[in-house]
Each structure stands twice: as structure tokens, then as C-alpha cells.
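# Coordinate inspection notes
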Amino acid sequence: MTCIVCQSPLSAGLSSWHHTCRNCAYESAQLAVAINHAAEHAKIDEDARETSLKALRQESFRTIVALTRQFAAPHAHTLLDVGSAHGWFLETATGAFEAVGVEPDEAVAAKCIARGVPVRIGYFPQALADGERFDVIVFNDVIEHIPDIRSALRNCHERLSPNGTLVLNLPSSRGLFYRLSKLFARVGLRGPFDRLWQKGMPSPHVHYFNPVNLTKLVESEGFELRHNTEMEAVKVEGLWQRLTMFGNVHRVKAALQYVCIRWGLRPLTGLFPSDIIVCIYRKR
Ligand SMILES: [Zn+2]
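Residues numbered from 1 in each chain as written. Predicted model: local features only at pLDDT ≥ 70, side-chain atom pairs only at ≥ 80, totals over all residues. Heavy atoms only, no water.

### A word on the overall build of the protein chain
Here is the rule: A run of H or I in DSSP becomes a helix once it reaches four residues, and a run of E becomes a strand once it reaches two; helices and strands are each numbered from the N terminus. Burial classification: accessible surface area is computed with a 1.4 Å probe over protein chains only, and a residue below 20% of its type maximum counts as buried, one above 50% as exposed, and the rest as partly exposed. The contact definition used throughout considers only heavy atoms, calling two residues in contact when any of these lie within 4.5 Å. Residue-level accessible areas treat just the shown protein chains as cover; the underlying method is Shrake-Rupley with a 1.4 Å probe.
Each helix and strand counted, the protein chain has 10 helices and 11 strands in total. Here the protein chain holds 284 residues, and the buried ones make up 53% of them. Long-range pairs, those at least 24 residues apart, make up 71% of the contacts in the protein chain between residues at least 6 apart in sequence. Accessible surface computed for the protein chain: about 13200 Å², of which carbon and sulfur atoms make up 55%.

Here it is in C-alpha cells:
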């Protein structure tokens with residue numbers, strides 16, 4: 001196996017499914033994707049998931065829309081949100097852009113459509129019309145789930161207008177929580193590490209980037225970096241739901257995690273790189 005960023009051979013990581021690049025620090029996972037498989041979805045309490053993420057997401061989405069407006073071409077008007085999930089980004093972006101989403105999870109997309117949010121069911125770019133282009137393409141917590149990321153980036157290049165803008169919002173391997181999870185995994189506590197890769201979820205992460213190796217990859221597919229920034233990764237509001245939403249979590253264990261994160265780690269988060277980054281690129 002070779003690194004998708006720098007083509008160096010990958011080394012064994014912290015699990016049989018985890019590999020890392022010693023040259024550029026890219027990390028990869030061989031975890032199976034199972035979108036639309038009912039059994040995998042039944043493991044997640046969708047209501048808890050929605051509540052837990054909403055407060056955090058809506059605030060970061062407002063920031064991302066503002067940054068996109070700032071760094072996109074002044075005439076940029078049309079926006080595509082790939083993997084638009086519950087439609088929150090689309091709702092935030094409407095007003096600043098003419099926004100449309102594509103979402104492969106049929107049940108999630110149907111809920112948006114019922115609310116009047118413009119979403120097409122399917123994958124990017126198959127769900128688009130022939131020759132359809134956008135001024136902005138956004139991936140919120142999506143690009144790290146796509147196994148063939150180079151072909152996704154090529155499709156973005158093809159589907160963007162001249163000088164179009166690509167916005168990637170994704171987890172960072174430099175983040176405090178991810179680095180701590182690796183420390184724990186090394187001493188045999190694998191829970192947080194598996195959780196951050198979303199192992200066992202319908203669509204786990206298959207890549208972990210940092211801003212440098214991500215930019216190297218994206219620039220090699222015909223883009224240039226315009227701006228990158230960090231987002232707050234943990235909010236107290238919704239934290240309990242976030243810790244308990246997945247399967248049969250032990251309540252005492254979740255309570256311990258809550259105490260550690262809220263009063264132990266969260267005060268430290270400002271001192272270390274965040275677990276969430278946003279990178280904005282322009283099509284060359
Ligand atoms: Zn590499």
C-alpha cells in the first residue's frame with residue numbers, strides 16, 4: 001500500500017486496519033462503508049445524533065459560509081454541498097448562495113426534501129446533470145469518508161466554474177483529541193481511537209489528514225490554497241448526546257468521559273491544535 005499524498009509506502013499503524021505514512025503523516029483506514037444498510041443504521045440513535053451535533057454544526061456552518069463568501073470570487077453564486085446530511089449547511093448558506101445538496105442516504109435526504117430543502121438523492125457527481133457546474137463546492141465532514149479521494153477531487157475540478165472555490169471541512173490528525181486517542185490506543189485503550197475513526201458506523205473515516213498533507217494532495221489535483229483555519233471541536237451543549245448516541249454505551253463510562261472532556265480537556269483545547277480544520281482552495 002502506498003500513500004495517496006506522496007506515494008511513499010505506508011507503515012503499519014495502531015490497528016490491523018490502520019496505516020500511516022512516515023514521510024508526510026497521512027493516515028489511512030481499511031474500514032468498510034455500509035450506507036443504506038439498515039442493520040448498521042439501527043446501531044445509532046439518530047435523534048440523539050441530531051441533537052448532539054446541531055448546536056456545534058450550526059455555529060461552524062455560519063463561520064464557513066462567511067469564509068466562503070470572503071474567499072470565493074465576488075460573482076460566485078451557485079453552491080453544491082456534497083453529502084448534505086440533515087440540510088443544516090444548505091439552510092445556513094441560502095441567502096449567501098443559491099445552494100443545492102446531494103446526499104446518498106435516502107432516509108436522511110427524504111427528510112430534507114420534505115422540509116423543502118433542495119437535495120438530490122445520490123452520489124457526487126452521478127446525481128448531477130451532464131455538464132452541470134457550480135461556483136462553490138463544499139464538503140462538510142465528507143471528504144474523509146471517500147475512499148477514492150483523488151477521483152473526487154478531479155470531479156470537483158471538472159464541476160467547478162473557472163476560478164471556482166472548493167471548501168473542505170474535516171477532522172485533523174494534529175488535533176488534541178485525536179493525538180490523545182492514539183496515546184490511549186498505544187496502551188491498549190482503543191475506544192476513543194475507534195470512535196474518532198467512526199469504526200462500526202455506516203460510513204467510517206478512511207483518511208486522516210493534517211493541513212499540510214491535505215493541501216499537498218489537493219494542490220496536486222489543480223487547486224491552490226486560499227485560506228485554512230481551525231474550528232472549535234467540542235461544545236458542552238450536546239456533549240452528553242454525542243457520547244451516548246452510538247449503540248449500547250455504558251452510562252458510567254459515558255459519565256466518566258463527560259467529566260474528563262468537560263472539565264479536564266475542554267479548558268486545554270485552546271492551547272492545542274483543534275480536531276477540526278477548514279481549508280479553502282481555488283481552482284487553477
Ligand atoms: Zn505520504
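### So, empty space enclosed by the protein
As a reminder, the rule being used: Cavity: a set of points on a 1 Å grid over the protein atoms alone where a 1.4 Å probe fits but cannot get out. Pocket: an open set with protein on both sides within 12 Å along at least five of seven lines, its lining residues, like those of a cavity, having an atom within 4 Å of a point. Grid points are joined across faces, edges and corners, and a volume is the space filled by probe spheres set on the points.
What the rule picks out here adds up to 1 cavity of 30 Å³ or more. If you add up the space inside the largest cavity, you get close to 40 Å³. If you trace the largest cavity, you find it lined by Ala 73, His 75, Ala 76, Asp 135, Ser 161, Pro 162, Asn 163, Gly 164 and Thr 165. A per-element tally of the lining of the largest cavity places strand E8 (residues 160-171) first, with 5 residues.

### Notes on the coordination of the zinc ion
Quick note on the threshold: Note that water is not among the atoms considered, so a metal site may appear incomplete; the donors listed are N, O and S atoms within 2.8 Å of the metal, with 3.2 Å applied to Na, K and Ca. Working rule for geometry: tetrahedral if four donors all subtend angles between 85 and 135 degrees; square planar for four, octahedral for six, if opposite donors exceed 155 degrees and the others stay between 65 and 115; irregular in every other situation.
Those donors, Cys 3 (SG), Cys 6 (SG), Cys 21 (SG) and Cys 24 (SG), are the protein atoms that reach the zinc ion, and they lie 2.2 to 2.3 Å from it. Between the 4 donor atoms coordinating the zinc ion, the angles at the centre fall across 99 to 121 degrees, so the site counts as tetrahedral. Within one chain, the residues serving as donors to the zinc ion are arranged as C-x2-C-x14-C-x2-C. Within this pair, whereas Cys 6 is found in the segment before strand E1 (11-12), its partner Cys 24 is found in the loop between strand E2 (18-20) and strand E3 (27-29), the two being separated by 18 residues in sequence. Owing to a relative accessible area of 14%, Cys 24 belongs among the buried residues under this scheme.

### Remarks on helix H8 (residues 211-219)
Heads up, the rule is: N or O atoms within 3.5 Å of each other form a polar contact, as long as, within protein, one can give a hydrogen and the other can take it, and as long as residues adjacent in sequence are counted only when both atoms are side-chain atoms.
Among the residues of H8, those classed as buried are Pro 211, Asn 213, Leu 214, Thr 215, Leu 217 and Val 218. The elements touched by buried residues of H8 are helix H5 (149-159), E8, strand E10 (223-231) and strand E11 (276-283). Looking at where H8 begins, the residue whose side-chain oxygen comes 2.9 Å from the main-chain nitrogen of Val 212 is Asn 210.

### Structural notes on the pattern of salt bridges
Using the following cut-off: By definition, a salt bridge exists where a carboxyl oxygen of Asp or Glu is found within 4 Å of a side-chain nitrogen of Lys or Arg.
Using the criterion set out here, one finds 7 salt bridges in the structure. A salt bridge links Arg 150 to Glu 221, with the nearest nitrogen and oxygen atoms 2.7 Å apart. With Arg 150 in helix H5 and Glu 221 in the loop between H8 and E10, this residue pair connects regions lying 71 residues apart in the sequence. The class for Arg 150 is buried, based on a relative accessible area of 17%. Among the residues examined, Glu 221 registers a relative accessible area of 12% and is labelled buried. When salt bridges with common partners are traced through the structure, they connect Arg 150, Arg 154 and Glu 221 into a single cluster.

### Some thoughts on the sheet that holds E11
The cut-off we apply is this: Two strands pair under a simple rule: DSSP has to find at least two bridges between them. Interaxial angle, 0 to 180 degrees, is taken between N-to-C directions of lines fitted to C-alpha atoms, where a helix line uses only the stretch in contact.
Read from one edge to the other, the open sheet built from 7 strands follows the order E6-E5-E4-E7-E8-E11-E10, with strand pairing classed as mixed. Looking at the sheet topology across the chains shown, the edges are occupied by strand E6 (119-121) and E10. In this sheet, neighbouring strand axes are inclined to one another by 20 degrees on average, regardless of whether the strands run parallel or antiparallel. Here strand E5 (residues 98-103) pairs with E6 via 3 bridges, running parallel. By the bridge assignment, Val 102 is partnered in E6 with Arg 120. The strands touched by H5 within the sheet are strand E7 (134-140), E8, E10 and E11, with E8 carrying the most contacts at an inclination of about 145 degrees. Docked against the sheet, H8 engages E8, E10 and E11, running at close to 155 degrees with respect to E10.

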